[in-house]
Number of protein chains: 2
Amino acid sequence: MQLRRTDILDAARELIDADGLDEFSARKLAAALKVTPGDLQWHFPDRQSLLEALAEDLMAGVGEPPPAGPWDRRLITLAHRLRRALLGLRDGARLLSGTFVTEPNTLRAARTGTRVLIEAGLPPDQAAWTVLAITHYIVGHVIEEQSVRPKLPADLSGVDDLNRELAATVTADPARRFEFGLGLLIDGIRRLF
Amino acid sequence: MQLRRTDILDAARELIDADGLDEFSARKLAAALKVTPGDLQWHFPDRQSLLEALAEDLMAGVGEPPPAGPWDRRLITLAHRLRRALLGLRDGARLLSGTFVTEPNTLRAARTGTRVLIEAGLPPDQAAWTVLAITHYIVGHVIEEQSVRPKLPADLSGVDDLNRELAATVTADPARRFEFGLGLLIDGIRRLF
DNA sequence: ACCTGAACACCGTTCAAGT
DNA sequence: ACCTGAACACCGTTCAAGT
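Residues numbered from 1 in each chain as written. Chains lettered and ligands numbered in written order. Predicted model: local features only at pLDDT ≥ 70, side-chain atom pairs only at ≥ 80, totals over all residues. Heavy atoms only, no water.

### Side note on the packing of helix H9 (residues 161-171) of chain A against helix H8 (residues 124-146) of chain B
Where H9 of chain A contacts H8 of chain B, the two axes come as close as 9 Å, and the packing angle between them is 60°. Relative to H8 of chain B, the element H9 of chain A lies oblique. The element H9 of chain A and its partner H8 of chain B pack so that their crossing is right-handed. Here H9 of chain A contributes Glu165, Leu166 and Thr169 of chain A to the contact with H8 of chain B, which in turn contributes Pro124, Asp125, Ala128, Trp129 and Leu132 of chain B. Classifying every residue of the contact of H9 of chain A with H8 of chain B by side-chain character gives five nonpolar, one polar and two charged. (Axes fitted to C-alpha atoms, helices over the stretch in contact; angles between N-to-C directions. Helix = DSSP H or I, 4+ residues; strand = E, 2+ residues; numbered from the N terminus. Parallel < 35°, antiparallel > 145°, perpendicular 65-115°, else oblique. Left-handed = near helix turned anticlockwise from the far one by under 90°. Contact = heavy atoms within 4.5 Å. Nonpolar A, V, L, I, M, F, W, Y, C, P; charged D, E, K, R; others polar.)

### Describing the protein's contact with DNA strand D
Close to DNA strand D lie 19 residues; Ala26, Arg27 and Arg47 of chain A together with Thr36 and Trp42 of chain B are nearest. When atoms of DNA strand D within 4 Å of the protein are sorted by moiety, sugar and phosphate together comprise 58%. One of the backbone N or O atoms of alanine 26 of chain A is found 2.9 Å from a phosphate oxygen in DNA strand D. In this structure, a phosphate oxygen belonging to DNA strand D sits 2.8 Å away from a side-chain N or O atom of threonine 36 of chain B. Listed by contribution, the elements that provide at least two residues to the surface near DNA strand D are helix H2 (26-32) and helix H3 (37-43) of chain A together with helix H3 (37-43) of chain B. In terms of residue count, H3 of chain B provides more of the surface near DNA strand D than any other element does, four residues in total. (Near = heavy atom within 4 Å. Polar contact = N/O pair within 3.5 Å; in protein donor to acceptor, adjacent residues only side chain to side chain.)

### Notes on the relation of the copies chain B and chain A
Overlay of chain B on chain A (RMSD 0.0 Å): rotation 180°, translation along the axis 0.0 Å. Look at the turn and shift together and you get a two-fold axis relating the two. Looking at the interface residues of chain B, 100% of them are also at the interface in chain A, so both copies use one shared face. (Least-squares fit on C-alpha atoms with pLDDT ≥ 70 in both.)

### As for the packing of H9 of chain A against helix H7 (residues 104-119) of chain B
One can describe the packing of H9 of chain A onto H7 of chain B by two numbers: an axis separation of 10 Å at closest approach and a directional angle of 100°. It follows from the interaxial angle that H9 of chain A and H7 of chain B lie roughly perpendicular. For the pair H9 of chain A and H7 of chain B, contact is made by Leu162, Asn163 and Leu166 of chain A and by Leu107, Ala110, Arg111, Thr114, Arg115 and Ile118 of chain B, respectively.

### Digging into the pattern of salt bridges
Under the criterion given, the structure shown has 30 salt bridges over all chains. Of the charged contacts, one joins arginine 74 of chain A and glutamate 119 of chain A as a salt bridge, the two residues approaching to 3.3 Å between their closest N and O atoms. Of this pair, arginine 74 of chain A sits in helix H5 (residues 71-87) while glutamate 119 of chain A sits in helix H7 (residues 104-119), placing them 45 residues apart in sequence. According to the relative accessible area criterion, glutamate 119 of chain A is exposed, its value standing at 56%. For arginine 177 of chain B, the salt bridge identified is with glutamate 144 of chain B, shortest N-O distance 3.2 Å. One end of the pair, arginine 177 of chain B, is in helix H10 (residues 174-190); the other, glutamate 144 of chain B, is in helix H8, and 33 residues separate them in sequence. (Salt bridge = Lys/Arg side-chain N within 4 Å of Asp/Glu carboxyl O. Buried < 20%, exposed > 50% of the residue type's maximum accessible area, 1.4 Å probe, protein only.)

### Focus: the protein's contact with DNA strand C
The environment of DNA strand C is formed by 19 residues, the closest being Thr36 and Trp42 of chain A together with Ala26, Arg27 and Arg47 of chain B. If you look at DNA strand C and keep only atoms within 4 Å of the protein, 57% of those are sugar or phosphate atoms. With respect to DNA strand C, the backbone of leucine 3 of chain A contributes an N or O atom lying 3.2 Å from a phosphate oxygen. Taking arginine 47 of chain B, its main chain carries an N or O atom lying 2.8 Å from a phosphate oxygen of DNA strand C.

### Some thoughts on helix H4 (residues 47-58) of chain B
Residues and elements named next belong to chain B. Taking 1.5 Å per residue as the helical rise, H4 with its twelve residues ought to reach 16 Å, and the 17 Å between its terminal C-alpha atoms agrees with that figure. Of all twelve residues in H4, nine are buried; the element is thus mostly enclosed. All of the buried residues along H4 are Ser49, Leu50, Leu51, Glu52, Ala53, Leu54, Ala55, Glu56 and Leu58. (Expected span 1.5 Å × (residues − 1).)

### Looking at the interface of chain B and chain A
With 44 residues of chain B at the contact, the number on the chain A side is 44 residues. At the surface where chain B touches chain A, the tally comes to four salt bridges. A salt bridge links arginine 111 of chain B to aspartate 160 of chain A; the shortest N-O distance between them is 2.8 Å. Counting the contacts that link chain B with chain A gives six residue pairs in polar contact (both at pLDDT 80 or more). Mapped by element, the contributors of at least two residues to the side of chain B that touches chain A are H7, H8, helix H9 (161-171) and H10 of chain B. At 14 residues, H8 of chain B tops the list of elements feeding residues into the side of chain B that touches chain A.

### A closer look at the nonpolar core
Formed by 120 residues in total, the largest nonpolar core has its most connected members in Leu29 and Ile138 of chain A together with Leu29 and Ile138 of chain B. With residues near it in sequence (within four places) discarded, leucine 29 of chain A still touches Ile8, Ala11, Ala12, Leu15, Phe24, Leu40 and Leu50 of chain A. (Core = buried A, V, L, I, M, F, W, Y, C linked by side-chain atoms within 4.5 Å.)

Dropping the structure here:
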């Protein structure tokens, strides 16, 4: 049976979802595919290119033009898509942040967001800067979301109010936290018009 | 000569600054210190704990209370400090994002930011959520700043306007880009009052 | 064009033994 | 308390050889 590119990527996703990015190795992947490490090398010249392919796949669809409507709704749609995409694979945000923005799907997402803001009337440079800022927020957020949280001490007595508040924040529903920070950015963008 | 903790961390920083986080290994560090790998293990039980110590050191001073003044100025001061701290070591943002927020210096920075907003009149939960959002933006931004940029094609003919705009954005002075995105967030926070 | 076998130059971590 | 020597169980990558 011929080893196809998508089979390799599927198996890689399975391993990463199971054990995390740090546990992932090309040799384990080869073993899972019942194939020699050398064979894997033939399909992907090195480990990095395999991870980049994975990141690119993750971004598929994110850059589809969002439905017509007000710019803020369209931007929020894009932001949610990017977050969902990153959450689609264990350690997805860390994976993406280790690759470059020049891959087609990643670039397309940035283009789509920029176009939304240009169409809304923002000058092109401000539009591009804004999209980059939102992207950084999302990547930073999801990296934290996906990082293993240390067990918070069940007993919070002896901890002061501020620490308790911060603990509550980090433990809070990440989707709502995401929404809150995104809202700050959107409100900030509003003042650019 | 006794091997001290700070010597180990200094040598580690030197190696990371020289070759990047991916090239860094405990064995190279041991060699640089003219010491056995096993000896290093005695001082830091595992590689991860060494990296965490490094991240903690990076955050030293960030959480000092900023000079009195309007909340936005104080928050901007903290934001710049965090960015400078992360830029203080090659791959510093990636390093920090691989550790937890519970280390004293990291926690202190979050506490200080939260307190600034509470003192300005924000409810504690909103203050904490806001600080987390800014932190995510900064970490995401500096990760991109510190990632090796692929050589942009010198010849941009044949590339459309949008790509050219995005290329210009990524190539632009990162300090100004940082300021722009931070400004969006600050303006968003303004509307919370 | 695809895959194997075998090697090379590395890793992090453990652990008995020394001082 | 600190450090060495030596090993264990891994890595990514290369490359001649097979089909």
